[in-house]
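Each chain is listed here by its residues.
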Amino acid sequence: MTVTTAPPAPAPAKPKSSVKDKAPDPIAELAAAHDLTLSGARPTLPRYIAQLWGRRHFVTAYATARMHAQYSEASLGQVWHLVTPLLNAAVYYFIFGIVMHASHNVPNYLPFLITGVFVWDFIGSCINAATRSVQSNLGLVRALHFPRASLPLSTVVQLFQQLLVTMGALIILLFVFGQTPTLNWLLAVPTLFLMASFCAGCAMIMARIGAKSPDVSQLMPFVLRTWMYASGVMWSIDQMLRTDHLPHWVSMALKLNPAAVFIDLMRFALIDTYKASQLPPHVWLIALGWALVVGVGGFVFFWKAEEEYGRG
């Protein structure tokens, strides 16, 4: 007789562990009980704006202190805020106005050039300085808790304060070169604020990029120099488009270039021979669009990386 044996019963399967079966973290429970949050965690956008508004006096004071300290060791001190753009204008006038004859067919070329240099100096300086604003203040970022957007914004505030000083010198120079005040001069005020909003957005975009990739700051002088030449600082975009048959996309890129838009608006406001026909169509809407899109977009872009600054 053959004896058969039943196969052994399979071992009971181990129950799968689930998140619910894990022991609760006592530290997390203690933090939740006392309404504690992760240090450096990114706040919501409305709360971040409120925190930044609460630090507005710090932003202004920090910007003012940096402005006074910038040339504190120089013999001329704060006079360099005026001398630097004037020296740039003198160099550009010699090279472009005299040697390359860019002044031909441009009425009041010296006011035209000086206005462009002063406006570009603000735009280029904001972007160049803000690229290093977080990286050069890592000690402050790691030691104190504050909205990191204060750093690039303080750079823009500092340079805007300098711009207001240089605008006073620009007005005097315009008088010297025969310009007289008109109602158009009032248009310089909205132009300044639209330009400042655009530069603030650019500053925050470049501050985040510079914080992640410090080498970008070494490339910015070359990028900004190229942008300056394409913005009509030393030559008239309107005159060039009339004489040269450029592809349509090149013409549109030159006309919609934000730096060129703000330079054109300032020239239209302050120079009586700079007519509305030299401005691109819907120029105020274009300027407003650049200020809103770049200003708001740059702020949100910077805020999204708030908890990453100083941790690399």
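Structure first, text after, so check above.
Here goes a summary of the coordinates provided. These numbers come from a predicted model, not from an experiment.

## Observations regarding the side chain of S251
Stage number 1. For S251, the position within the fold is in helix α11 (residues 248-256).
Stage number 2. On the basis of relative accessible area, S251 is assigned to the buried category, the value being 14%.
Stage number 3. Excluding its chain neighbours within four sequence positions, the residues that come into contact with S251 are L241 and L246.

## Some points on the packing of aromatic side chains
Stage number 1. Tallied over the full model, the rule gives 15 aromatic pairs.
Stage number 2. Between Y93 and Y109 the ring centres are 6.1 Å apart and the planes differ by 35 degrees, which places this aromatic pair in the tilted class. Linking Y93 in helix α4 (residues 80-99) with Y109 in helix α5 (residues 109-131), this pair joins segments that are 16 residues apart in sequence.
Stage number 3. With relative accessibility at 31%, the residue Y93 sits in the partly exposed group.
Stage number 4. Note on Y109: relative accessible area 6%, which makes it buried.
Stage number 5. Ring-pair connections join several aromatic residues into one group, and the members of that group are Y93, Y109, F112 and Y274.
Stage number 6. Sitting above the plane of the F112 ring, R267 keeps its charged end 3.5 Å from the centroid.

## Observations concerning the packing of α5 against helix α8 (residues 188-212)
Stage number 1. The interhelical angle for the contact between α5 and α8, taken along N-to-C directions, is 25 degrees, at an axis separation of 7 Å. One way to sum up the angle between α5 and α8 is to call them roughly parallel. When the axes of α5 and α8 are compared, the crossing they make is right-handed. Of the residues in α8, those touching α5 at V119, F122, I123, C126, I127, A130 and T131 are M195, A196, C199, C202, A203, M206, A207 and G210.
Stage number 2. Of the residues contributing to the contact of α5 with α8, the split by class is 13 nonpolar, 2 polar and no charged.

## Things to note about the pattern of salt bridges
Stage number 1. Under the criterion given, the structure shown has 1 salt bridge.
Stage number 2. Its salt-bridge partner being K212, residue E308 comes within 3.1 Å of it at the nearest N-O pair. Of this pair, E308 sits in the segment after α13 (283-303) while K212 is found in helix α8, placing the two residues 96 residues apart along the sequence.
Stage number 3. On the basis of relative accessibility, which here comes to 35%, the residue E308 falls in the partly exposed class.
Stage number 4. Of the residues examined, K212 reaches a relative accessible area of 56% and is grouped as exposed.

About the cut-offs
- Residues numbered from 1 in each chain as written.
- Predicted model: local features only at pLDDT ≥ 70, side-chain atom pairs only at ≥ 80, totals over all residues.
- Heavy atoms only, no water.
- Helix = DSSP H or I, 4+ residues; strand = E, 2+ residues; numbered from the N terminus.
- Buried < 20%, exposed > 50% of the residue type's maximum accessible area, 1.4 Å probe, protein only.
- Contact = heavy atoms within 4.5 Å.
- Phe/Tyr/Trp six-rings, centres within 6.5 Å; stacked < 30°, edge-to-face > 60°.
- Lys NZ or Arg CZ within 6 Å of the ring centre and 35° of its normal.
- Axes fitted to C-alpha atoms, helices over the stretch in contact; angles between N-to-C directions.
- Parallel < 35°, antiparallel > 145°, perpendicular 65-115°, else oblique.
- Left-handed = near helix turned anticlockwise from the far one by under 90°.
- Nonpolar A, V, L, I, M, F, W, Y, C, P; charged D, E, K, R; others polar.
- Salt bridge = Lys/Arg side-chain N within 4 Å of Asp/Glu carboxyl O.

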